[in-house]
Structures are given as C-alpha cells and as structure tokens.
Amino acid sequence: MLRGDITVAIRNAVMNELAEVGYGRLSIEAVARRAGVGKTAIYRRWSNKLEMVMEIISDVAERKVPLPDTGSFSGDLSLLLLIVSTALRHRMASQIIPDLMAEAARNPQIAETLQRALRTHQQAVGEKLIGQAVARGELPAGTDPEVAVDLILGPLYWRLAVARQPIEDDYLEKFTVAVTAALRAMG
C-alpha cells in the first residue's frame, strides 16, 4: 500500500472501531489489524491512541458541511435539518457521537477537541443561515445567531443522539415551522 492509502485505511479502521467498541476499548492493535497494517505504521503517524483519535475525529468534525442557500430561510432551514438529521442517524455517527460525549466528560482533551469542532460548525451555520435570513428581511435584525443555532440544532441533537427517538415523516416540516416562528418572535 502507498503511504496515503495506509493513512486512509487507518482512519477508516479507527472510525469503525470507535463505532463498534467505543473509545475506551479501542486499541492500537485492533486498529492495525482492521487496517491491515503493522502497529509501527500507526506509531509513525501518531504517538498514542488519544492523539490518533482526536486528529481523526477533528478532521471529520471540522469538514465543511455544505450550507444551503435555497433563497429562503424556510428552505435553507428545511435542508439543513434534513442534512443534520441524516448525519445523526448514520450508523457510525449514532454510535460514535454518544460515546465520545461520554468520554469528553472524563477527558478534557476530548472535550476541548469536540467543543472546538462544534463551535466552528455552529458559527458557520449562524453566520450564513441566520445572516442571510436577516439580510433578506425574513428574520428580525436583532436575531442572535448563537441562540438561533442552539434552537435549531439542540432539539434535533437531543432527539436523535441522546433520546434516540425516531422522527416521523412530517417532523422536520413541523420543526421548521416552530423554529421559524420562535426566531421571528425574538425580534
């Protein structure tokens, strides 16, 4: 395997191991075995498990999520909620996210890495989605992007990642209407 291929294989192995056994039981040996490489290939890239997992999770979490621009806040919000709900229901994400959140309560480095990645994503959503809606006159000028993003993403995250409740076919539509009404009332 080429160097780049080895790194990709290791990254995929880490994500699969995290989904299957969680951070606490993840081992360098199991990652190497799954990736089809020796442990030395991993130690050439990362000095320990925490460093390896944090770099890989950061890379995944900080990927730019394509933010919608449908021409209306309602359309943008509907599409964003669809993207986020699909991501949160993905088999790997639904296993990895709760596990890493639990680990974050015990490990400040994991907590800091997750907070940094989430903050970056939330700021982008707030600036673009809310900023565009305010500029188009669809939301009041004083709409707080941080509060808006919490209102948009918090309940969806809670329902799918924490409570693990399914969403009905019309849930996202109803949620879009409720969030829009709440944000318009903030002004």
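Residues numbered from 1 in each chain as written. Predicted model: local features only at pLDDT ≥ 70, side-chain atom pairs only at ≥ 80, totals over all residues. Heavy atoms only, no water.

A. Geometry of helix α9 (residues 171-185). An ideal rise of 1.5 Å per residue puts 21 Å on 15 residues; α9 measures up with 21 Å between its terminal C-alpha atoms. Residues of α9 that are buried in the fold lie against α5 (73-89), α7 (108-135) and α8 (145-162). (Helix = DSSP H or I, 4+ residues; strand = E, 2+ residues; numbered from the N terminus. Expected span 1.5 Å × (residues − 1). Contact = heavy atoms within 4.5 Å.)

B. Highlighting the UniProt feature "DNA-binding region" (unreviewed entry) in the chain. This chain's UniProt record puts "DNA-binding region" (unreviewed entry) on residues 27-46. Regarding residues 27-46, the helix share stands at 65% and the strand share at 0%, and the terminal C-alpha atoms are separated by 13 Å. (UniProt positions renumbered as here; feature names shortened; annotations may be inferred.)

C. Structural context of helix α4 (residues 49-61). The first and last C-alpha atoms of α4 sit 18 Å apart over 13 residues, in line with the 18 Å expected at 1.5 Å per residue. When we look at burial in α4, the residues that qualify are Leu50, Met52, Val53, Met54, Ile56, Ile57 and Ser58. Where α4 starts, the residue carrying a side-chain oxygen 3.2 Å from the main-chain nitrogen of leucine 50 turns out to be asparagine 48. (Buried < 20%, exposed > 50% of the residue type's maximum accessible area, 1.4 Å probe, protein only. Polar contact = N/O pair within 3.5 Å; in protein donor to acceptor, adjacent residues only side chain to side chain.)

D. Molecular detail of the layout of surface pockets. Counted as a void, the largest pocket has a volume near 1,200 Å³. Along the walls of the largest pocket sit 35 residues, with Val60, Ala61, Ala87, Ala93 and Ile97 positioned nearest its centre. Among the elements of the structure, α1 (3-25), α4, α5, α6 (91-106), α7 and α8 are those that each provide at least two residues to the lining of the largest pocket. At six residues, the largest contribution of residues to the lining of the largest pocket is made by α6. The class makeup of the residues in the lining of the largest pocket is 23 nonpolar, seven polar and five charged. In this structure, the lining of the largest pocket is formed jointly by two domains, domain 1 (3-48) and domain 2 (64-186), each of which donates at least three residues. The volume enclosed by the second largest pocket comes to roughly 210 Å³. (1 Å grid on protein atoms, 1.4 Å probe; cavity = no way out; pocket = protein on both sides within 12 Å on 5 of 7 lines; lining within 4 Å. Points joined across faces, edges and corners; volume = space filled by probe spheres on them. Nonpolar A, V, L, I, M, F, W, Y, C, P; charged D, E, K, R; others polar. Domains from an automatic or database assignment.)

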